Amino acid sequence: MAKWEFTREGTYRYPTLGFTASTGDVVEADIAPDAWWDEVDGSTAVTIPVTPIGGATEPAQDAIQAYNRTTNRGQWKTLSELGLLTAAEQDARYASQLDITGLPTATINAWLATASALGVKRMVGAATISAPLTVVSDTRLDALGAHITAGFDGNILRNEHYASGDRDTNITIIGGTWDRAARGGSNNDAHSIFIRRVDGIHIEQVTYLSEAGKYGIALGDISDYTLRDIRSTCASDTIHITGPAYDGVIDGVRNSGGGDDVVAFTTTDYTAYDDVHGPIAGVSVRNVSGTTSTRIVLIGGTASGVADGYDISGIVVEDVVQHGTGHSVWTGSTAADAAQIVDLTVRRASGGQGVNLRHHRHGAVTLETITAAAGSSPVSIGIDSAGSNVVTNLTVSKATHTGSTAFLSVNNANITVGTVTLDGVTCTGAGAMVSAIAAASFTALVLRGCRYAGSNDVLTLGGTYTLGQVTFSDSALTTGAGKHVMRLSDTITVAAIAFSRCTIGAADTSSGIMVYKGSTGPVLGSINVDGCDLNAIGRILEVASGSSGTVALNVANTDVTGCNRIAQVGGGTLNFIYANVSGATVNEPIRVYNGTAANIRGAGWGVKTSSCVVRASAEVIHVLAQDFPADVSILTKANGDAATNTNAGLACGAGRVISDGSAWKNVYSGATY
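Counting starts from 1 at the beginning of each chain's written sequence and moves along it residue by residue. The predicted nature of this model means local features are confined to residues of pLDDT at least 70 and side-chain atom pairs, given and counted, to a pLDDT of 80 or more, with totals for whole chains, interfaces and linings taken over all residues. Remark: hydrogens and water are excluded; side-chain values derive from all non-hydrogen atoms of the structure.

Brief notes about the overall build of the protein chain
Right, on to step 1. Secondary structure assignment for the protein chain yields two helices and 52 strands.
Right, on to step 2. Along the first, second and third principal axes, the C-alpha atoms of the protein chain reach 130 × 75 × 35 Å.
Right, on to step 3. Summary of the burial criterion: residues with accessible area below 20% of their type's maximum are buried, those above 50% are exposed, and those between are partly exposed, where the area comes from a 1.4 Å probe applied to protein chains only. Considering the protein chain as a whole, with its 673 residues, one finds that 52% of them fall into the buried category.
Right, on to step 4. By the convention used here, residues are in contact when the closest approach between their heavy atoms is within 4.5 Å. Considering only residue pairs separated by 6 or more positions, the protein chain has 63% of its internal contacts joining residues 24 or more positions apart. Under the scheme used here, helices are H or I runs from DSSP no shorter than 4 residues and strands are E runs no shorter than 2 residues, and both carry numbers assigned from the N terminus.

In structure tokens, the structure reads:
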């Protein structure tokens, strides 16, 4: 404390402080009584005594300082001496603090079972217990100064009605080191803090240690629960929640090493621990980290191998860090039925193998700012032992990936994907943005506001499934050397691809391709390009030699400056429609070979004035576009065809021509060819 000298002239009473001060008096206090007091050095003598009669140390639990006017000093008084509690209540209050050092477990449990007058029990000291400690309803246990070690195989602490049909309410546990050591246990006795059938369970500032056994904090059939500031070094899960579980907050969990999952949820647990089971709804998980080879946060359905029909909903996970080799967030289930993860949101998860969606059924999943360790995909869709996975709607946003693997990986033929949206995702490494080489079906893939500047394909798509729609909008994409924006392989079917307001380039203009369709298996419906800036790209479309089927390519309001070709097709049929296309230095805008048929329509061609279509031999080419430049000698005539002839040596002469199916006629001179 500091010393303060009274500087005001005269003598004044301070009735609330219990003394009178005159000019030059000195008092010792944490702060000055008012503005008339100046701090002086520690050698100055105190003239107004403030040291309590009983000394400066509190003599009893819940004693307070009361001012004694006779002695002009503070004096310690207990609450009963002040008339605030009866003597019996005061004694009960004193009994609410217990030093457990050396006490038998039965004595500790008898104390825990006794009601506290003010509702708080404080446990201090260290003890090795021989049986579970039991807490009852309306218990607030402060164990910040306690270290409890298990001396047997069983629960360290549990609630009174853990095994009965009755329920407990309002249990709070604060602090303590709960040390299982190397003690084991079978079935639910293998857990340490074991809580069942409680409405209002709050555990915070707890340290859990174990070298054997199962879950550190095992909760099930609960509502209104909070777990905050938990620390662990353990053999299994730090926290494991089993349904039914409603309205929870888990915040600030740190695992220093070892064990399985840091925070886990299951609607039904493994057979040995499935005494309760039910839905999980309304939980916020925040600030969880650890060093594990499994998961930081596991969101699981049934773990028993038997379908249970319970949904998981309203789960929000934020700020998760995996320092080990496992996943940051992982969903799973061991049996498939109609149950699903209805909605799941994960924000800011990093490290390890990223987020892995493996539950058998997902509704709406939202992921934001997801990263992974080098060599791992930040987001993966796979399958658990249930054998299948349905993801109805997945949105991933605000993420940056610099690794060598794909940002999003889909790699199993038993996966059914609805709509996947990547919004504001950036990839600058050697991995693709999306690798979907196997799936059952895939409804739509949307890339919005994305950036790719890596050395791979942007999308690598293959397998035997059907992908309905791929949409790129407001994105900047530059492929690696010899790589493509989209590579289609195997027997994948893609119904439609759309690019709008995108800037697209490639590391080289000979092999960098926007959409590459492999030779024998893939099926491609249409490509729509609108309002894009294409520079230094090899081709918008490349169809490999030996392909079949019809591809529609529609290009509008686009600058193709720097493109080598717009389309090069080696099989099947190309239907090309353009509107307001411009650009210089394009080599051969349209090239067909290997028997490809081509149909060209449109208006607003501003690419080049020399012939813009070439063929390898006798491919059939129809043009119905008056401003499209072509050597009409290589075109097949049909009634209504039109073009701008670039071969002045033909009898019709150069310029715009039309055909009646038998000849080409110059619309200005009337000359025919």
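Points about the pairing of strand β21 (residues 312–322)
Across a regular strand the side chains alternate sides, sitting on one face of the sheet and then on the other.
Right, on to step 1. By the bridge criterion, nine bridges tie strand β19 (residues 280–290) to β21 in an arrangement that is parallel. Paired with R286 across the strands is E318, a residue of β21.
Right, on to step 2. Two strands are said to pair when DSSP picks up at least two bridges between them. Sheet topology places β21 next to strand β23 (residues 341–351); eight bridges connect them, and they run parallel. Bridge pairing in β23 links V320 to A349.

Brief notes about helix α2 (residues 105–113)
Right, on to step 1. Of all the positions in α2, only T105, I108, W111 and L112 are classed as buried. Each buried residue of α2 lies within a common arc of 125° when the element is viewed along its axis, so the set occupies one face. In α2, the exposed positions angled more than 90 degrees off the buried face are occupied by A106 and A113. This arc is taken over the directions from the axis of the helix to the C-beta atoms.

Some remarks on the pattern of salt bridges
Right, on to step 1. Whenever Lys or Arg places a side-chain nitrogen within 4 Å of a carboxyl oxygen from Asp or Glu, that contact is recorded as a salt bridge. Tallied over the entire structure, the rule returns 17 salt bridges.
Right, on to step 2. A salt bridge links R501 to D474; the shortest N-O distance between them is 2.8 Å. With R501 in the loop between β37 (493–500) and β38 (503–506) and D474 in the loop between β34 (466–473) and β35 (476–479), this residue pair connects regions lying 27 residues apart in the sequence.
Right, on to step 3. A single salt-bridge network, built from bridges that share partners, covers E318, D319, R347 and R348.

Considering the nonpolar core
Right, on to step 1. As used here, the term nonpolar core means buried Ala, Val, Leu, Ile, Met, Phe, Trp, Tyr and Cys residues forming a set that is joined through side-chain atoms within 4.5 Å. The biggest cluster of nonpolar side chains holds 150 residues, and the ones touching the most others in it are W178, L422, F472, F499, L541 and F628.
Right, on to step 2. Contacts of F499, omitting those with residues within four sequence positions, involve F472, V485, I504, M514, V515, I527, N528, V529, D530 and C532.
Right, on to step 3. If you look at the next biggest cluster of nonpolar residues, it comprises 10 residues, including A2, A21, A29 and W37.

Things to note about the packing of aromatic side chains
Right, on to step 1. When two rings of Phe, Tyr or Trp (its six-membered ring) have centres within 6.5 Å they constitute a pair, described as stacked for plane angles under 30 degrees, edge-to-face for angles over 60, and tilted for the intermediate range. Here the structure, examined in full by the defined rule, presents 12 aromatic pairs.
Right, on to step 2. For the pair F472 and F499, a centre-to-centre distance of 4.5 Å together with 5° between the ring planes defines the contact as stacked. You can see F472 sitting in strand β34 and its partner F499 sitting in strand β37, a full 27 residues away along the chain. An identical accessibility class is assigned to F472 and F499; each is buried.
Right, on to step 3. Among the aromatic side chains, those forming a connected cluster through ring pairs are F6, Y12, F19 and W37.
Right, on to step 4. Both a distance and an angle decide whether a charge sits over a ring: NZ of Lys or CZ of Arg must be within 6 Å of the ring centre and within 35 degrees of the ring normal. Above the face of the Y12 ring, R8 is positioned so that its terminal group lies 4.0 Å from the ring centre.
Right, on to step 5. Between the NZ or CZ atom of K121 and the centre of the ring of W111, over which it lies, the distance is 5.0 Å.

Here we look at the side chain of S328
Right, on to step 1. Checked against the element boundaries, S328 lands in strand β22 (residues 327–332).
Right, on to step 2. Judged by relative accessible area, S328 falls into the buried class, the value being 0%.
Right, on to step 3. When residues no more than four places from it in sequence are discounted, the contact partners of S328 are I296, V297, V320, Q322, A349, S350, G351, G354 and V355.

Brief notes about the sheet that holds strand β4 (residues 26–29)
Right, on to step 1. Reading across the sheet, the three strands line up as β4-β1-β5 and stay open at both edges, with antiparallel pairing between neighbours. Strand pairing shows two members of the sheet lacking a second neighbour, β4 and β5 (37–40), which therefore form its edges. Averaged over all pairs of adjacent strands, the angle between strand axes in this sheet comes to 40°, irrespective of strand direction.
Right, on to step 2. In this structure, strand β1 (residues 2–6) lies alongside β4, joined through four bridges in antiparallel fashion. What counts as an axis is a line fitted to C-alpha atoms, over the stretch in contact for a helix, and the angles between N-to-C directions run from 0 to 180 degrees.

Here we look at the pairing of strand β18 (residues 263–268)
Right, on to step 1. Of all six residues in β18, six are buried; the element is thus mostly enclosed.
Right, on to step 2. Here β18 runs beside strand β20 (residues 295–302); their pairing, made up of five bridges, is parallel. Note on β20: the bridge partner recorded for F265 is I299.

A look at unusual backbone geometry
Right, on to step 1. A cis amide bond, omega -5°, links G243 with the succeeding residue P244.
Right, on to step 2. In this fold, P244 is placed in strand β17 (residues 239–255).
Right, on to step 3. In the Ramachandran plot, A181 falls in the positive-phi region, its phi being about 55° despite a non-glycine side chain.
Right, on to step 4. Take A181: it is sitting in the loop between β14 (177–179) and β15 (193–209).

Considerations on a nonpolar patch on the surface
Right, on to step 1. Residues enter patches when their relative accessible area tops 30% and they take part in no salt bridge; the joining distance is 9 Å for like charges and 5 Å for the nonpolar side chains Val, Leu, Ile, Met, Phe, Trp and Tyr. Note on areas: Shrake-Rupley with a 1.4 Å probe; residue coverage comes only from the protein chains shown. Where nonpolar side chains cluster on the molecular surface, the patch consists of I658, V667 and Y668 and spans about 310 Å² of accessible area.
Right, on to step 2. Note that V667 resides in the segment after β52 (664–666).
Right, on to step 3. By relative accessible area, V667 is classed as partly exposed at 37%.

Some details on the environment of T493
Right, on to step 1. Position of T493 relative to the elements: it lies in strand β37.
Right, on to step 2. The class for T493 is partly exposed, based on a relative accessible area of 25%.
Right, on to step 3. Residues T493 and S441, 52 residues apart in the sequence, show an inter-C-alpha distance of 9.7 Å.
Right, on to step 4. Not counting residues up to four positions away in its chain, the partners in contact with T493 are Y465, T466, L467 and V523.

Considering the environment of A481
Right, on to step 1. Relative to the elements of secondary structure, A481 occurs in the loop between β35 and β36 (484–488).
Right, on to step 2. Each C-alpha atom, one on A481 and one on V555, is 24 Å from the other, the two residues being 74 residues apart in sequence.
Right, on to step 3. Setting aside residues up to four positions removed in sequence, A481 forms contacts with A507 and D508.

Examining the confidence of the model for the protein chain
Right, on to step 1. The score called pLDDT rates the predictor's confidence residue by residue, from a low of 0 to a high of 100. Residue-level pLDDT values for the protein chain average 91, and 93% of them are 70 or greater.
Right, on to step 2. Scored below 50 in pLDDT, residues 52–58 makes 14 contacts in the model with residues more than four places away or belonging to other chains.

Some points on the state of the cysteines
Right, on to step 1. A pair of sulfur atoms, both from cysteines and within 2.5 Å, is called a disulfide here. Counted according to the given criterion, the structure contains zero disulfides.
Right, on to step 2. With no disulfide of its own, C563 has C532 as its nearest cysteine by sulfur position, at a separation of 11 Å.
Right, on to step 3. Look at C563 and you get buried, because its relative accessible area is 1%.

As for the environment of A536
Right, on to step 1. Relative to the elements of secondary structure, A536 occurs in the loop between β41 (533–534) and β42 (539–543).
Right, on to step 2. For A536, a relative accessible area of 27% gives the class partly exposed.
Right, on to step 3. As a C-alpha pair, A536 and S404 span 132 residues in sequence and 24 Å in three-dimensional space.
Right, on to step 4. With sequence-adjacent residues up to four places away left out, A536 is seen in contact with G505, A506, D508, T509, T561, G562 and C563.

Let's talk about the side chain of D179
Right, on to step 1. For D179, the position within the fold is in strand β14.
Right, on to step 2. Notably, D179 is buried but unbridged: the nearest opposite-charge side chain belongs to R180, and the N-O separation is 8.9 Å.
Right, on to step 3. Counting of polar contacts relies on pairs of N or O atoms within 3.5 Å, with two restrictions inside protein: one atom must be capable of donating a hydrogen and the other of accepting it, and residues adjacent in sequence are counted only when both atoms are side-chain atoms. Of the polar contacts made by the side chain of D179, one reaches the side chain of H147; its length is 3.4 Å.
Right, on to step 4. The residues contacting D179, other than those within four sequence positions of it, are H147, I148, T149, A150, I156 and L209. Positive charge is attributed to Lys and Arg, negative charge to Asp and Glu, and no charge count is given to His or to the chain ends.

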